[in-house]
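Tertiary structure, described
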Amino acid sequence: MQKNNDDIFNLILASTVHDMKNSLGMLGQSLKSIFEHIDPAAIDTKANNLCGIVQYETSRVNNSLMQLLAIYKLENEQLPFNPSYYNLYDFLDEQRLLHLPLLEAKNIDCEIDCDEDIEGVFDESLLGTVLENIIGNAIRYTKNKIAIRCNQNDMLEIEIADDGSGYPEQMIKLEGNYIHGINQSSGSTGLGLFFAQKIAEMHKHKDQNGSIELANGGALNGGRFIIKLP
Amino acid sequence: MSKYADKKVLIVEDFTDFARAVGIMLRNIGIPYSDTVTSGEAAIQACREKKYDIILSDYNLGPQKDGQQVLEELITFNLIKPSCVFIMITAEKAAAMVMGAIEYQPDSYLTKPFNNQTLKLRLDRAIEKKLTLNPIIRKLDKNSWQEAYKLCDEVIESSPKYRSSCLQLKLDALRGGKQLDKAFKLVTQLADERVTPWILKCLGNIHYQRGELKKAENTFIEMTENFPMVIEGYDLLANVQHKLEKPVDAQKTLQKAVERSPKPLKRQKHLGQLAEQNNDYDTMTHAYRQAVRYGENSAFSGAEEYVKLAKSIGHILKGNTNEDRKKLIAEAKSLFNQIEQKFKQDPCAQFRGVVAHADFSAIIKDQKSTDKYKEIAPSLFEKVEEHIGANESIEIAQSLKNVGLSQLAECVIEEAVEQYFDDPAFIKQASKITSNKHLIKNAKKADKLNNKAVKFFKSGDFVSAIELFIEASEIAPNNVNIALNHAQALLKRFQKKQENPQDLYNSEDILAEITRLPLTDPRYSRYSELLRLNQLMLQKVE
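These numbers come from a predicted model, not from an experiment.

Conventions adopted
- Residue positions are given per chain, counted from 1 along the sequence in the order it is written.
- Written order determines the labels here, with chains lettered from A and ligands numbered from 1.
- Where local features are concerned, this predicted model is filtered to residues with pLDDT of at least 70; where side-chain atom pairs are given and counted, the filter is 80 or more; whole-chain, interface and lining totals use all residues.
- Only heavy atoms go into the side-chain values, all of them from the structure, while hydrogens and water stay out.
- Two residues form a contact once any of their heavy atoms are found within 4.5 Å.
- Note on terms: buried area is the combined drop in 1.4 Å-probe accessible area of two parts once they are placed together, counting the loss on both.
- Salt bridge criterion: a side-chain nitrogen from Lys or Arg within 4 Å of a carboxyl oxygen from Asp or Glu.
- Pairs of N or O atoms are called polar contacts if they sit within 3.5 Å, as long as, within protein, a hydrogen donor faces a hydrogen acceptor (for residues adjacent in sequence, only side-chain-to-side-chain pairs).
- Counting from the N terminus, the helices are DSSP H or I runs at least four residues long and the strands are E runs at least two residues long.
- Any residue outside Ala, Val, Leu, Ile, Met, Phe, Trp, Tyr, Cys, Pro, Asp, Glu, Lys and Arg is labelled polar, Gly included; the first ten of those are nonpolar and the last four are charged.
- We define the nonpolar core as a collection of buried residues of types Ala, Val, Leu, Ile, Met, Phe, Trp, Tyr and Cys that are connected through side-chain atoms lying within 4.5 Å of one another.
- Burial classes follow relative accessibility: with a 1.4 Å probe on protein chains only, a residue under 20% of its type's maximum area counts as buried, one over 50% as exposed, and anything between as partly exposed.
- For every residue, the pLDDT score states the predictor's confidence, bounded by 0 at the bottom and 100 at the top.
- The span you would expect from a helix comes to 1.5 Å times its residue count less one.
- The reported arc concerns the directions from the helix axis to the C-beta atoms and nothing else.
- Candidates for patches are residues over 30% relative accessible area with no salt bridge; among them, like charges are joined within 9 Å and nonpolar side chains (Val, Leu, Ile, Met, Phe, Trp, Tyr) within 5 Å.
- Accessible areas in this description were obtained via Shrake-Rupley with a 1.4 Å probe; residue shielding takes into account the shown protein chains only.
- When charges are counted, neither His nor the chain ends are considered; positive counts come from Lys and Arg and negative counts from Asp and Glu.
- Here the site of a charge means atom NZ of a Lys, CZ of an Arg, CG of an Asp or CD of a Glu.
- By this definition, two strands are paired if DSSP reports at least two bridges between them.
- To get an axis, a line is fitted to the C-alpha atoms, and for a helix only the part in contact is used. The angle between two axes follows their N-to-C directions and goes from 0 to 180 degrees.
- Here the angle decides the label: under 35 degrees means roughly parallel, over 145 means roughly antiparallel, 65 to 115 means roughly perpendicular, and every other value means oblique.
- Throughout, a crossing is termed right-handed when the near helix is turned clockwise from the far one, and left-handed when it is turned anticlockwise from it by less than a right angle.
- Buried and open spaces are told apart on a 1 Å grid over the protein atoms alone, a cavity being a set of points where a 1.4 Å probe fits but cannot get out and a pocket being an open set with protein on both sides within 12 Å along at least five of seven lines. Residues with an atom within 4 Å of a point are the lining residues.
- Grid points are joined across faces, edges and corners, and a volume is the space filled by probe spheres set on the points.
- Viewed with both strands pointing away, a crossover whose connecting path from the first strand over the helix to the second turns clockwise is right-handed.
- In this analysis, rings of Phe, Tyr and Trp, with Trp reduced to its six-membered ring, are considered paired at centre separations within 6.5 Å, and the interplanar angle assigns stacked below 30 degrees, edge-to-face beyond 60, and tilted for intermediate values.
- For a lysine, the NZ atom is tested; for an arginine, the CZ atom; a charge sits over a ring if that atom is within 6 Å of the ring centre and within 35 degrees of the ring normal.

To continue, consider the interface of chain A and chain B. If you look at the interface, chain A gives 41 residues, while chain B gives 42 residues. Of the roughly 3700 Å² buried between chain A and chain B, counting both surfaces, carbon and sulfur atoms make up 54%. The interface formed by chain A and chain B contains 8 salt bridges. Across the salt bridge formed by Asp 90 of chain A and Lys 161 of chain B, the nearest N and O atoms sit 3.0 Å from each other. If you look at where chain A meets chain B, you find 14 residue pairs in polar contact (both at pLDDT 80 or more). With 10 residues, the single largest contributor to the side of chain A that touches chain B is helix α1 (residues 2–37) of chain A. Counted by class, the side of chain A that touches chain B contains 16 nonpolar, 11 polar and 14 charged residues.

This is how it looks when you write it as structure tokens:
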């Protein structure tokens, strides 16, 4: 009977997610249509910014939904993990494009520094969810620049850096215990980091495990998120 | 003008508002017109009428066919051209991948919600990839292994970003050309670089192809343990375990697979088959019930799962069950009804259904029905034109014996033995049913002659091979394998010497005798290839 209830719950979960995602898609598209109906002269910076906020919050809801779902599945040993080879530049470029409307609305410069021929081994949809969240946060906290950099030596390393005021010291100190960073009163991004850590750790090769790292400084002198995959 | 302006695009989406939104996005990226359908059935129909360049289909299409089933049918029934790009729109890509059958993968996935830029990027990439890899895939489809292999290297050189895809195709080419040592070397080299699900799949398949079944089993066990949500691993493992005659292990393996991904028909049918072998009728019933259920919207549903479900219900009714007997009987009767309705055009299905119905009626002691279906069975057998499969023949003959139609059972077995004498598992079962000892003895004799002839054929001695094939075909004149071998040997002899066109006429006659081979028979492609070669050579002579 327990098993049956799980099945029903899974079914409800799947169809609810499907529904919510349709709604989120419609929300974005309707907003676009509204803008198309307005006289372009009437769209000022303020309207553009507000539009950006709606887009940002939409993608945040979507991203949280995906993380929540993934963590639920992880707990129930149902999270699909299917690593394969992917072209890294294409992958990162796509992550950037997901945020393009918002980047443009907020006038943030986002550059990718990655060799076009590098292939990495990772689970595309899981790493995509991780980066979507991190880039989303970078957009929120940066002043006007984001840099996505990657290189592959012993490990595949992806860094997302911004020129904002950086990660709070107590967050950097968590070093791998990001579950403790989830704090209701501060509305902290703990879930995103906790998720990122989990996903990084799923990536294994020989006796190496993936990991994440937070730091401040670097070339942009802001926050730096680094994910390393073996 | 956009490079996409003249592309024919189909949107498959049951949620019309969303379909409209996708249409607007397409306009924004330079595709002014697109067709929209709201169900999988309508998508299939649309593809019969028009050849699309791009199909954007939602995975979740409401109660009927899902996007994955649409893709499977479009490919199987040749309704899309090879250059068509199929993009699956999903709420969750990973979930769709778990649920789908692995053999048919879309060119790309698009996760909701998405914007113009992502849509355009996905289209650009999918089209570019298809254009780059299609020449290799065409060579593979034509079994031109050498050329495919060479092309892979060229593409890796010119487009390094497709390296891993090319390596996969390269391994396909090596395995196709039976260069297993070379394939093994390449795959171990890659595994050292990184162990991914497809590397393990490939390694296991190479072991399997080399006949190292234990090693294949271990590799697939490693695959399912390391990547428990890559469902293909369980299917592969169960196949090997089945082959290793470990049906109990194979059943356990498949049960894990259907827990995670119950929809693929083939998987449920394989599970049902194993459960039957293991006399586990509860599992058998459950598996075939699911097969009937998920087959409802599928073009691949067949009489098999209906008959098997009715049979397993019969098994349950034979024992002491706590289940509601009346309900089970009603379920079985409805299945027989459905066979009659759904497979009207298939005489073999009708014959099989009626025999099973008679058998079932005897189990529930319904004498009237038993007599009724016993009476019509022989006339339905007369109408069967195609060869009945090995397993089906055993099942039918067993049921016929159960209801006392022993003579008809012998006829069915006789035909099947002539056809499948080279399948030892079948012969073992057949010899339990038939009382005609002569039959099995002859089958073994034909098998021996055929094997001996094949040895001569392989050594290039076509003259001796042909002599033995003639002898074998006298014992088993309707056997398709012998006929095909015989024809092939004649064609080879002609090719070698180019002097006696009589060989070509003889092989033409032999092939013309093969009239009962169903299109679905695995030997059909060999048959049509030989027919084609034969015609070609004849044209040159004449």
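Right, let's talk about the nonpolar core for a bit. Ranked by size, the top nonpolar core spans 62 residues in total, and within it Phe 351, Leu 400, Ile 413, Val 417, Phe 426 and Ile 514 of chain B carry the most contacts. Counting residues per element, this core draws most heavily on helix α24 (residues 480–497) of chain B, at 9 residues. Beyond its immediate chain neighbours, meaning those up to four positions away, Phe 426 of chain B contacts Ala 390, Ile 394, Ala 416, Val 417 and Tyr 420 of chain B. Among the nonpolar cores identified, the runner-up in size contains 58 residues, and Ile 112, Leu 126 and Ala 200 of chain A together with Phe 227 of chain B belong to it.

On to the confidence of the model for chain B, then. When pLDDT is averaged along chain B, the result is 91; 99% of the residues meet or exceed 70. The complex prediction reports pTM at 0.85, with the ipTM value standing at 0.83.

Our next topic: unusual backbone geometry. Omega for the bond connecting Lys 112 of chain B with Pro 113 of chain B falls within 30 degrees of zero, at -10 degrees, which places this linkage in the cis form. In this fold, Pro 113 of chain B is placed in the loop between β5 (108–111) and α5 (116–141). A positive phi angle, close to 50 degrees, is found at Lys 206 of chain A, a residue other than glycine. Note that Lys 206 of chain A resides in the loop between β6 (204–205) and β7 (208–209). A positive phi angle, close to 60 degrees, is found at Glu 245 of chain B, a residue other than glycine.

Turning next to helix α26 (residues 524–541) of chain B. Quick reminder: α-helices carry 3.6 residues per turn. Residues three or four places apart thus point the same way. Residue and element names in this part refer to chain B. When the terminal C-alpha atoms of α26 are compared, their 26 Å separation across 18 residues agrees well with the 26 Å that a helix rising 1.5 Å per residue should span. Here α26 has its buried residues at Tyr 527, Leu 530, Asn 534, Met 537 and Leu 538. All buried residues of α26 project into a common sector of 100 degrees when viewed along the axis, lining one side. Of the exposed residues in α26, the ones pointing more than 90 degrees away from its buried face are Ser 525, Gln 539 and Lys 540. On its buried face, α26 sits against α24 and α25 (502–513).

Once that is clear, we can look at a negative patch on the surface. Together, Glu 508, Asp 509, Glu 513 and Glu 542 of chain B give the surface a local cluster of negative charge. Considering the arrangement of structural elements, one finds Glu 513 of chain B in helix α25.

Turning next to the sheet that holds strand β8 (residues 211–217) of chain A. Residues and elements named next belong to chain A. Sheet architecture is open: 5 strands sit in the order β2-β4-β5-β9-β8, paired in mixed fashion. The sheet is open, and its two edges are formed by β2 (109–113) and β8, each paired on a single side. The mean angle between the axes of side-by-side strands here comes to 15 degrees, regardless of whether they run parallel or antiparallel. Direction of pairing for strand β4 (residues 145–152) relative to strand β5 (residues 156–162): antiparallel, over a ladder of 7 bridges.

Our next topic: the packing of helix α6 (residues 145–158) of chain B against helix α7 (residues 163–176) of chain B. Residues and elements named next belong to chain B. At a closest axis distance of 9 Å, the pairing of α6 and α7 adopts a crossing angle of 165 degrees. Here α6 lies roughly antiparallel to α7, going by the angle between them. As for the relative orientation of α6 and α7, their crossing is left-handed in sense. When α6 is examined against α7, the residues Trp 145, Ala 148, Tyr 149, Cys 152, Asp 153, Val 155 and Ile 156 are found in contact with a partner set consisting of Arg 163, Cys 166, Leu 167, Leu 169, Lys 170, Asp 172, Ala 173, Leu 174 and Gly 176.

For the rest of this paragraph, the subject is empty space enclosed by the protein. One simple way to see leftover space: roll a probe sized like a water molecule over the atoms. All names here are of chain B. With the rule as written, the count across this model stands at 1 cavity of 30 Å³ or more. Within this model, the largest cavity holds a volume of roughly 60 Å³. Along its surface, the largest cavity is lined by His 387, Ile 388, Ser 393, Val 412, Glu 415, Ala 416, Gln 419 and Tyr 420. If one sorts the elements of the lining of the largest cavity by residue count, helix α20 (residues 406–420) sits on top with 5 residues. The residue inventory of the lining of the largest cavity, partitioned by class, reads 4 nonpolar, 3 polar and 1 charged.

All right, on to the pairing of strand β4 (residues 85–90) of chain B then. Residue and element names in this part refer to chain B. For β4, the buried fraction is high: 6 of the 6 residues fall into the buried class. Taking every second residue as pointing to the same face, both faces of β4 are buried, with Val 85, Ile 87 and Ile 89 on one and Phe 86, Met 88 and Thr 90 on the other. Summarising the sheet, strand β3 (residues 54–58) and β4 pair through 5 bridges and their orientation is parallel. Looking at the pairing, Ile 55 lines up with Phe 86 of β4. Once you follow β3 into helix α3 (residues 67–76) and on to β4, the crossover reads as right-handed. Bridge analysis of β4 against β5 gives 4 bridges, and the strand direction is parallel. What sits directly across from Met 88, in β5, is Tyr 109.

A word on the packing of aromatic side chains. Counted according to the given criterion, the structure contains 12 aromatic pairs over all chains. Ring plane angle 40 degrees and centroid distance 5.2 Å describe the contact between Phe 351 of chain B and Phe 381 of chain B, whose orientation is recorded as tilted. On the criterion of sequence distance, the pair formed by Phe 351 of chain B in helix α17 (residues 347–363) and Phe 381 of chain B in helix α18 (residues 367–383) is long-range, its members being 30 residues apart. Accessibility assignment for this pair places Phe 351 of chain B and Phe 381 of chain B in one class, buried. Taken together, the aromatic side chains of Tyr 86, Phe 91 and Phe 122 of chain A make up a single cluster linked through ring pairs. The aromatic ring of Phe 18 of chain B is capped on one face by Lys 112 of chain B, whose charged end is 4.3 Å from the ring centroid. Cation over ring: Arg 210 of chain B sits above Phe 184 of chain B, and NZ or CZ is 4.6 Å from the ring centre.

Turning our attention to the pattern of salt bridges. Taken as a whole, this structure holds 44 salt bridges over all chains when the rule is applied. Measuring nitrogen to oxygen at the nearest pair gives 4.0 Å for the salt bridge that ties Glu 94 of chain A to Arg 125 of chain B. Within this pair, whereas Glu 94 of chain A is found in helix α3 (residues 88–98), its partner Arg 125 of chain B is found in helix α5, the two belonging to separate chains. Classification of Arg 125 of chain B as partly exposed rests on a relative accessible area of 21%.

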